[in-house]
Amino acid sequence: MSTVVWRTWSGTQEARPRRIAAPSGTAAVAAAVRAAAEEGLRVRMVGSGHSFTGAAVTDGVLLSPTGLARLRGVDAEAGTVTVEAGMPLCDLNEELHARGLALANMGDIAVQTAAGAVQTGTHGTGRDCGGLAEQVVGMELVLADGSVVECSADRESALFEAARVGLGAFGVVTALTLRVEPAFLLRAREEPMRLEEVLERLPQLRAENDHFEFFWFPHTGRTNTKRNNRVQGPAEPLSPLRSWLDDEFLSNTVFEGVNRLGRRVPAAIPAINQVSARALSARTYTDASYRVFASPRRVRFVETEYAVPAEALPEVLAQIRRILDSGRHRIGFPIEVRFTPADRVWLSTAYGRDTAYVAAHVYRGMPYADYFRELEAVFTAAEGRPHWGKLHTRGRGDLSAAYPRFEEAMAVRDRVDPQRRFANAYLDAVLGA
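Now for a look at the structure at hand. Everything numeric in this text was worked out from a predicted model, so none of it was measured.

The rules behind the values
Residue numbers here run from 1 along each chain, matching the order of that chain's written sequence. Totals for whole chains, interfaces and linings use all residues, but because this is a predicted model, local features are given only for residues with pLDDT of at least 70 and pairs of side-chain atoms are given and counted only at 80 or more. For side-chain calculations, the full set of non-hydrogen atoms in the structure is used, while hydrogens and water are omitted. The rule for a salt bridge is simple: a side-chain nitrogen of Lys or Arg has to be within 4 Å of a carboxyl oxygen of Asp or Glu. Helix and strand definitions here come from DSSP, where helices need a minimum of 4 consecutive H or I residues and strands a minimum of 2 consecutive E residues; each element is numbered from the N-terminal end. Classification of residues uses two cut-offs on accessible area relative to the type maximum, computed with a 1.4 Å probe and protein chains only: under 20% is buried, over 50% is exposed, and between them is partly exposed. In this scheme, strands are said to pair when DSSP sees at least two bridges between them. The criterion for a disulfide is a pair of cysteine sulfur atoms lying within 2.5 Å.

**Looking at the pattern of salt bridges**
Where charged atoms from two side chains of opposite charge come close, those side chains can pair.
Part 1 of the argument: Following the criterion strictly, the structure yields 42 salt bridges and no others.
Part 2 of the argument: We note a salt bridge from Glu191 to Arg227, for which the minimum N-O separation is 2.1 Å. With Glu191 in strand β13 (residues 185-194) and Arg227 in strand β15 (residues 222-231), the pair connects residues that are 36 residues apart, well separated along the chain. Both residues of the pair, Glu191 and Arg227, belong to the buried class.

This is how it looks when you write it as C-alpha cells:
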C-alpha cells in the first residue's frame with residue numbers, strides 16, 4: 001500500500017495514490033495520462049481539497065495542479081480570460097482586479113482552484129447570474145487517450161456541455177476560458193432578521209437585490225441576512241479593525257471556541273446559538289466585488305447541500321425546523337440559503353429551474369450522519385439535487401432522473417473515456433461504473 005496520503009480540507013476523505021505527479025503544462029498532463037494508461041492505472045486531478053465527497057480520490061495517479069496556475073491570457077475585446085486549472089480563485093480575483101476586470105458572481109470561499117470549483121458546480125447567490133460553470137465559455141481537456149481537446153458551445157459542443165460540471169469524468173481540465181466584465185463595486189448590507197420575516201418577504205428580497213442570501217441559526221428563529229448590490233461608488237470598505245473583529249475574531253476565533261464548547265456540551269448548543277445569532281450586528285460597506293462575495297472560513301466542518309426548486313424552499317425549511325425541534329440533533333452551525341436562476345449546463349444543479357440552495361454544516365468531530373440522512377429525505381422529496389462536492393448518498397439511478405440531459409452526458413463519457421480512466425468509487429456511484 002502507498003505511504004503517500006492526500007486528504008481533503010475537512011478530513012472526510014483520503015487518498016493513497018500509487019504516485020503523485022505535478023505536471024507543469026498541458027503536454028505534461030497528457031504524458032502522465034498516457035503513462036498511467038500503459039500501467040493500467042486510473043487518474044484523478046485534485047484541487048484544493050474543499051470537496052467533502054470522494055470526487056478526487058484515487059488509488060492510481062494523483063495529479064496535483066500546482067504547476068498549472070497561470071493566467072494564460074486576457075481578451076479585453078471579447079471580455080474573456082483564460083486561466084490554468086490550478087490557479088486558486090483568490091489569485092485569479094487579484095489578477096483580474098489589477099486589470100480592471102471581475103467575475104460576475106462567485107461563491108463565498110475563494111481558496112478553491114478554478115477547475116475544481118467549476119467541475120463540482122460551485123455557485124454563489126444571484127438574481128441574474130448563476131454559478132461559475134455558467135461563466136465558462138471554453139475548456140481545454142486532456143482525454144483518456146492522451147489527446148488534447150478544446151471545446152466550447154461552437155466546438156465539440158456536446159463535450160463542452162457535459163464537461164463544464166463534469167467532476168473530471170470527461171477529461172483532465174487543464175485550462176478554462178471565463179467570461180468576465182469590468183470590475184465593479186458591491187454595497188453589502190448585512191442585518192439580523194427573524195426567519196418568519198425573511199420567508200414572508202422572500203419574493204421581495206430576491207427581486208430587489210442583485211445577490212441575496214441568509215444564514216439561519218438552528219434552534220432559534222433568527223437569521224443573518226446579506227444583500228449585495230452593484231453601485232457606482234465610492235468604495236467604503238470596512239475599517240481594518242471592524243473587518244478583523246467581525247470576519248476574523250468573531251466569525252473564526254470565537255466561533256471556533258463556541259463550537260468546541262458545543263462539542264463538549266451538546267445540550268448547551270441552543271443557548272449558544274441564541275447568543276451567536278446576536279453577536280454579529282448590522283453593517284453596511286462598499287468594496288470590490290470579490291472582497292464582498294468571499295470571506296475567510298477557518299473553522300472546519302462537514303457539509304451537505306442540496307439544490308431544490310426555489311418555490312419549494314418554505315416547505316423545505318419548515319420540515320427542517322421540525323427535525324431540529326424534535327431534539328434528536330444539536331447543531332451549532334447556521335444553515336445557509338442562497339439562490340441562482342435556471343441555467344443550461346447539463347449537470348449543473350440549477351439546470352432548467354430557478355434554484356434555492358440549502359447547506360447544512362456540522363462542526364468537525366460532531367456526529368452528522370443521522371442529521372444529514374433526515375435532511376436528505378426532505379430534500380429528495382422536494383426533487384432536490386445534491387451538490388456534487390458535498391456529502392450525500394444519491395446514486396446514478398436517482399440522479400439520472402433528476403437531470404434531463406443526464407443520459408446524453410453519459411453518452412459523451414462513453415465516447416471520450418470508454419475504459420473509465422478517470423473513474424473512482426464516487427464517480428462509479430453517481431455516474432455509473
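Next comes the rest of the account.
**Structural notes on the sheet that holds β13**
Paired through backbone hydrogen bonds, the strands of a sheet run either parallel or antiparallel to each other.
Part 1 of the argument: Reading across the sheet, the eight strands line up as β16-β13-β15-β14-β18-β19-β17-β20 and stay open at both edges, with antiparallel pairing between neighbours. Edge positions in the open sheet fall to β16 (283-288) and β20 (385-386), since each of these has one partner strand only.
Part 2 of the argument: For β13 and β16, the ladder comprises six bridges, and the chain directions are antiparallel. Looking at the pairing, Leu186 lines up with Asp287 of β16.

**Topic: the state of the cysteines**
Part 1 of the argument: Tallied over the full model, the rule gives zero disulfides.
Part 2 of the argument: The thiol of Cys90 is not disulfide-bonded; the next cysteine sulfur, from Cys129, is found 20 Å away.
Part 3 of the argument: Judged by its relative accessible area of 16%, Cys129 falls in the buried class.

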